[in-house]
Amino acid sequence: MATVVVVGTQWGDEGKGKVTDYLAAKADIVVRYQGGNNAGHTVVVGEEVFRLHLIPSGILYPDKICVIGNGVVIDPAVLLQELDALAARGVPTARLVISERAHVILPYHRYLDELEEDRKGAGKIGTTRRGIGPAYVDKVGRVGIRMVDLLDPEVLRQKIRQNLEDKNRLFTRVFGAAPLDAEAVIRDYEHYAGRLAPLATDVSLLLNEAIEQGKNILFEGAQGTLLDVDHGTYPYVTSSNPTAAAAALGAGIGPTKIDRVVGVVKAYTTRVGEGPFPTELQGEMGDQIRERGGEYGTTTGRPRRCGWLDAAIVRYAARINGLDYLAVTKLDVLTGLDVVRICRAYRYRGQLLTDFPASLGVLAEVEPVYDELPGWKQDISGVRRYEDLPPQAKDYLERITELTGVPVALVGVGTRRSQMLARYDIFG
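Parameters at a glance
Residues numbered from 1 in each chain as written. Predicted model: local features only at pLDDT ≥ 70, side-chain atom pairs only at ≥ 80, totals over all residues. Heavy atoms only, no water. Salt bridge = Lys/Arg side-chain N within 4 Å of Asp/Glu carboxyl O. Helix = DSSP H or I, 4+ residues; strand = E, 2+ residues; numbered from the N terminus. 1 Å grid on protein atoms, 1.4 Å probe; cavity = no way out; pocket = protein on both sides within 12 Å on 5 of 7 lines; lining within 4 Å. Points joined across faces, edges and corners; volume = space filled by probe spheres on them. Nonpolar A, V, L, I, M, F, W, Y, C, P; charged D, E, K, R; others polar. Pairing = 2+ DSSP bridges. Phe/Tyr/Trp six-rings, centres within 6.5 Å; stacked < 30°, edge-to-face > 60°. Buried < 20%, exposed > 50% of the residue type's maximum accessible area, 1.4 Å probe, protein only. Lys NZ or Arg CZ within 6 Å of the ring centre and 35° of its normal. Polar contact = N/O pair within 3.5 Å; in protein donor to acceptor, adjacent residues only side chain to side chain. Contact = heavy atoms within 4.5 Å.

Draft legend 1. Examining the pattern of salt bridges more closely. Across all of its chains, the model carries 31 salt bridges by this definition. Taking the shortest distance from any N to any O, the salt bridge between Asp 75 and Arg 110 comes out at 2.7 Å. Of this pair, Asp 75 sits in the loop between β6 (73-74) and α2 (76-88) while Arg 110 sits in helix α3 (residues 107-120), and the two are 35 residues apart along the sequence. One salt bridge in this structure joins Asp 138 and Lys 167, with 3.2 Å as the shortest N-O distance. Of the two residues, Asp 138 sits in helix α4 (residues 132-140) while Lys 167 sits in helix α6 (residues 153-174), which places them 29 residues apart along the sequence. Salt bridges here are not isolated pairs; linked through shared partners, they connect Asp 13, Lys 266, Glu 295, Arg 304 and Lys 330.

Draft legend 2. Fine view of the layout of surface pockets. Taken as a whole, the second largest pocket holds about 290 Å³ of empty space. Lining the second largest pocket are 14 residues, and of these Gly 71, Tyr 136, Lys 139, Asn 241 and Leu 249 sit closest to its centre. Listed by contribution, the elements that provide at least two residues to the lining of the second largest pocket are α4 and α9 (245-251). With 4 residues, the single largest contributor to the lining of the second largest pocket is α9. Partitioning the lining of the second largest pocket into residue classes produces 6 nonpolar, 7 polar and 1 charged.

Draft legend 3. Geometry of the pairing of strand β3 (residues 41-45). Here β3 runs beside strand β4 (residues 48-52); their pairing, made up of 5 bridges, is antiparallel. What sits directly across from Val 45, in β4, is Glu 48. Counting the residues in the hairpin turn of β3 and β4 gives 2 residues, including Gly 46, whose phi is positive at 65°.

Draft legend 4. Seen up close, the packing of aromatic side chains. This structure, assessed with the given rule, holds 6 aromatic pairs. Centroid distance Trp 376 to Tyr 396: 6.0 Å. Interplanar angle 55°. Geometry classified as tilted. Of this pair, Trp 376 sits in the loop between β18 (367-374) and α13 (391-404) while Tyr 396 is found in helix α13, placing the two residues 20 residues apart along the sequence. Comparing Trp 376 with Tyr 396 shows no difference in burial state: the two are buried. Against the face of Tyr 370 rests Arg 341, its NZ or CZ located 5.1 Å from the ring centre.

Draft legend 5. Examining the pairing of strand β5 (residues 65-68) more closely. Looking at chain direction, strand β2 (residues 29-32) and β5 are connected through 4 bridges and run parallel. Bridging across to β5, Val 30 finds its partner in Cys 66. Judged from the 3 bridges that link them, β5 and strand β7 (residues 96-99) form a sheet pairing that is parallel. Within β7, the position partnered with Val 67 by the bridge is Val 97.

Draft legend 6. Region of the structure containing empty space enclosed by the protein. What the rule picks out here adds up to 1 cavity of 30 Å³ or more. Computed from the structure, the largest cavity encloses a volume of approximately 40 Å³. Among the residues forming the lining of the largest cavity, the class breakdown is 4 nonpolar, 3 polar and 2 charged.

Draft legend 7. A look at the side chain of Thr 9. Relative to the helices and strands, Thr 9 is located in the loop between β1 (3-8) and α1 (16-23). Thr 9 gets classed as buried once you look at its relative accessible area, which sits at 0%. Within the structure, Thr 9 has its side chain in polar contact with the backbone oxygen of Val 264 (distance 2.9 Å). Once residues within four sequence positions are removed from consideration, Thr 9 is found in contact with Glu 14, Thr 225, Gly 263, Val 264, Val 265, Ile 313, Val 314, Ala 317 and Leu 323.

Draft legend 8. Representation of the environment of Lys 124 within the structure. Tracing the backbone shows Lys 124 in the loop between α3 and α4. As for Lys 124 and Lys 16, which are separated by 108 residues in sequence, their C-alpha atoms are 27 Å apart. What Lys 124 contacts, discounting residues up to four positions off in sequence, is Glu 117, Tyr 236 and Glu 274.

Draft legend 9. Spotlight on the sheet that holds β7. What the 10 strands build is an open sheet, ordered β9-β7-β5-β2-β10-β1-β11-β15-β19-β20; its pairing is mixed. The open sheet has two edge strands, β9 (200-201) and β20 (420-422), and neither has a second partner. Of the strand pairs in this sheet, β7 and β9 are connected by 2 bridges, and their pairing is parallel. The residue bridging Ile 98 from the neighbouring strand is Ala 200, located in β9.

Draft legend 10. Summary view of the environment of Val 73. Tracing the sequence through the fold places Val 73 in strand β6. On the basis of relative accessible area, Val 73 is assigned to the buried category, the value being 1%. For the pair Val 73 and Asn 37, spaced 36 residues apart in sequence, the C-alpha to C-alpha distance is 8.1 Å. In this view, Val 73 contacts Gly 35, Gly 36, Leu 54, His 103, Ile 105, Ile 132, Ala 135 and Tyr 136; residues no more than four positions away in its chain are not counted.

Bear in mind that shape data such as this cannot, by itself, settle questions of function.
Put into structure tokens, the structure is as follows:
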């Protein structure tokens, strides 16, 4: 048995959904441990494309238990839409369970998210405006509403009325916006509760019993290390901890129960939203990578900023997460380039920086120090063994290992399950 955590090593969008879907084949349980529907995982099964936002990627297997942990903030309307869409495509969803301790996103969270982003103007964070941040703020402020509250109609009504009394003062007096109707919100959420109540359970108990029984458990986070609220490029971050340590908190298991951590790294770097990006490519090369890689947000459709692989970032992620292995995705996107580059360090005011800086001011000013490697022309999308990759592609991957200190265990050469090359058995 093994418990494995999959994390993103960059600014998210690394292909965690594909890696999780691949590893789920050997898992008994797949757990989503943080984030909300501001994230999206795209998984290709045969000719079908599935875009998941809250439900773990393991749902596409008929025999996996899928868990939404307490660290996730859940928009009930979005979750039910996702469940209905999967059912309409013949995907059984009865194996999904939700932590009764998970917090719920309400309309006033989405409303506040929009109002705050509009007020900030040019200084906006670049959120998805789905209420994720405000929901986590209420969680920390001890006024949040949890799944267990949806199961008690009287408690639900009382909390919504109290919260909206406070929120409406904020909407009307600070933002000059219209108030929300508490009774309309209550009606909607009582309806959601009727459908979601059977899914709520003590996830911590379920998972700890499964570990004792020797089950394989896969934990997936949303976003990436540089969007972590503690360790990311603050304030241009998400409102939770996508890093590996949060898997224990967000699912209700002890940290000693985690056996391995796999870091997903795209073969280049992308970023959505505001903030400095040292290896960003402006112009034709960046556009070419974006189009070839389909670099548009699963949740928002926003075009992603694209740049060369930044090994300083991945090295930082390896330290923060305690990575055991790397899974490199979208290597095929770099096919055909004469030269591929990897940033190995930064130069800042004449000083060489090998570690990722905390200061955004420093990060905005650094110049990347690149290694240049020869590219490869062969189409690698049909390769099924690591050994059969072109020598230049293998040299690129080996250089990633040299610069980060983490061995590459998985390599993605396309969007399908069959296009994942395995060098090591992660669950073995």
